[in-house]
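Breakdown of the fold
Listed here are the chains, written in short residue letters.
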Amino acid sequence: MARAFDRVVVVFNPNSTGNAQERAEELKSGLAERAADLPVELRPTEYAGHAREIAREEAGSGAPLVVSVSGDGGYNEVVDGLMKAGETRAAAAVLAAGNANDHRRVVARRPLLDAIVEGRTERLDLLRLTVDGDVRYAHSYIGLGITPVVALELERGGKGSFTEVVTTVRAFSRFHPFAIEVDGRRETFDSLVFANIPEMAKYATLAEDARPDDGVFEVVLVRHHSKLRTALTAVKAAFRGLGPQPSVREYAFGTIDPMPAQVDGEVLELEAAARVRVDIVAGALATVR
């Protein structure tokens, strides 16, 4: 069977604190041994946002498989770049070289090298975030409020770690709830996450039914309560999971004050009085897994 892509472009940050360059070179060597006819190019990034530009450039010709050797944030740049290129035959994949690597852990079925050698692609959904007309894509989640903050804290310790629980609870002492406008009503939340996969930050299970290929996303919301109650919700997510969550195809709201959002772990600032819409783009991304 012919491969769905004509070359592999491996994007990595040579200055990352992890082993991205080493993993990129290992992937190239492995493909040289097992798929010698498949062209492979290493593309190191030179500045923040460069991975997005590389992906968009490569998508302009042929049918590349653009592999991001990174964590979820680096992969977000590649995915967003491909989507910004418009109609293409490009595909994307991630070789985990970050901390959480939620997307790769959830969607992977086998080692990436094996999947590339086979050459078959599948389609996954993407979240699309539109803020006053500007569009950004996400492969895994978009989060507002405390839950993304806690999820990042949980990356630093092991599941079931008493020290980690204490660190998480302490984060709440510095947290303030946020208000948004939904359907003409002012609503106050401690956390609001739009999830395309069930897990965040290695340990937190937010939406057990979430799948990246079902044409919907899950809305995981925690209305404003006491800090103790919200902290217990976060601990439950880490230890037991939050169970099934509502599934939708679109969610719209307006910001009231400036606030940060996390898009696959990367921070994006939302301005006051912004009109925000999150929707699902079914089967938008071609990938190997």
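Refer to the preceding data block for the structure.
Residues numbered from 1 in each chain as written. Predicted model: local features only at pLDDT ≥ 70, side-chain atom pairs only at ≥ 80, totals over all residues. Heavy atoms only, no water.

**Some remarks on the layout of surface pockets**
- Within this model, the second largest pocket holds a volume of roughly 270 Å³.
- Around the second largest pocket, the lining is made up of 14 residues, and of these Met83, Gly86, Thr88, Arg123 and Ala284 lie nearest the centre.
- For the lining of the second largest pocket, the secondary-structure elements that each account for two or more residues are helix H3 (72-84) and strand E17 (275-287).
- Residue classes in the lining of the second largest pocket are distributed as eight nonpolar, three polar and three charged. (1 Å grid on protein atoms, 1.4 Å probe; cavity = no way out; pocket = protein on both sides within 12 Å on 5 of 7 lines; lining within 4 Å. Points joined across faces, edges and corners; volume = space filled by probe spheres on them. Helix = DSSP H or I, 4+ residues; strand = E, 2+ residues; numbered from the N terminus. Nonpolar A, V, L, I, M, F, W, Y, C, P; charged D, E, K, R; others polar.)

**Quick word on helix H1 (residues 20-34)**
- The end-to-end C-alpha separation of H1 is 21 Å, in line with the 21 Å expected for 15 residues at 1.5 Å each.
- Listed as buried for H1 are Ala20, Ala24, Leu27, Gly30 and Leu31. The arc that holds every buried residue of H1, seen down its axis, measures 125°, which confines them to one face.
- Next to the buried residues of H1 lie strand E1 (7-12), strand E2 (40-44), strand E3 (64-70), strand E4 (91-96) and helix H5 (112-118). (Expected span 1.5 Å × (residues − 1). Buried < 20%, exposed > 50% of the residue type's maximum accessible area, 1.4 Å probe, protein only. Arc of directions from axis to C-beta. Contact = heavy atoms within 4.5 Å.)

**Quick word on the nonpolar core**
- Of all hydrophobic cores here, the largest spans 24 residues; its most connected members are Phe194 and Tyr251.
- Elements supplying a minimum of two residues to this core: strand E5 (122-131), strand E7 (141-145), strand E8 (178-182), strand E9 (185-195), strand E12 (217-223), strand E14 (250-255), strand E15 (259-263) and E17.
- Among residues more than four places away in sequence, those in contact with phenylalanine 194 are Leu127, Ser140, Tyr141, Ile142, Phe217, Glu218, Val219, Tyr251, Phe253 and Val278.
- Counting residues in hydrophobic clusters, the runner-up holds 22 residues, among them Phe12, Leu27, Ala35 and Ile116. (Core = buried A, V, L, I, M, F, W, Y, C linked by side-chain atoms within 4.5 Å.)

**Side note on the packing of aromatic side chains**
- This structure, assessed with the given rule, holds five aromatic pairs.
- With a centroid separation of 6.1 Å and 35° between ring planes, the pair formed by phenylalanine 178 and phenylalanine 189 is classed as tilted. With phenylalanine 178 in strand E8 and phenylalanine 189 in strand E9, this pair connects stretches of sequence that are eleven residues apart. Here the two residues phenylalanine 178 and phenylalanine 189 agree in accessibility, since each one is buried.
- Taking the centre distance of 5.2 Å and the plane angle of 50° together, the rings of phenylalanine 194 and tyrosine 251 count as tilted. (Phe/Tyr/Trp six-rings, centres within 6.5 Å; stacked < 30°, edge-to-face > 60°.)

**Let's talk about the environment of threonine 188**
- Structurally, the position occupied by threonine 188 is in strand E9.
- When the C-alpha atoms of threonine 188 and phenylalanine 178 are compared, they prove to be 5.7 Å apart, with ten residues separating the residues in sequence.

**Digging into the pairing of E12**
- Among the seven residues that make up E12, five are buried, leaving the element largely enclosed by the rest of the structure.
- Taken together, the two bridges between E12 and strand E13 (residues 247-248) define a ladder with antiparallel strand orientation. Residue pairing across strands places phenylalanine 217 opposite valine 248, the latter belonging to E13. (Pairing = 2+ DSSP bridges.)

Nothing here speaks to function; it is geometry throughout.
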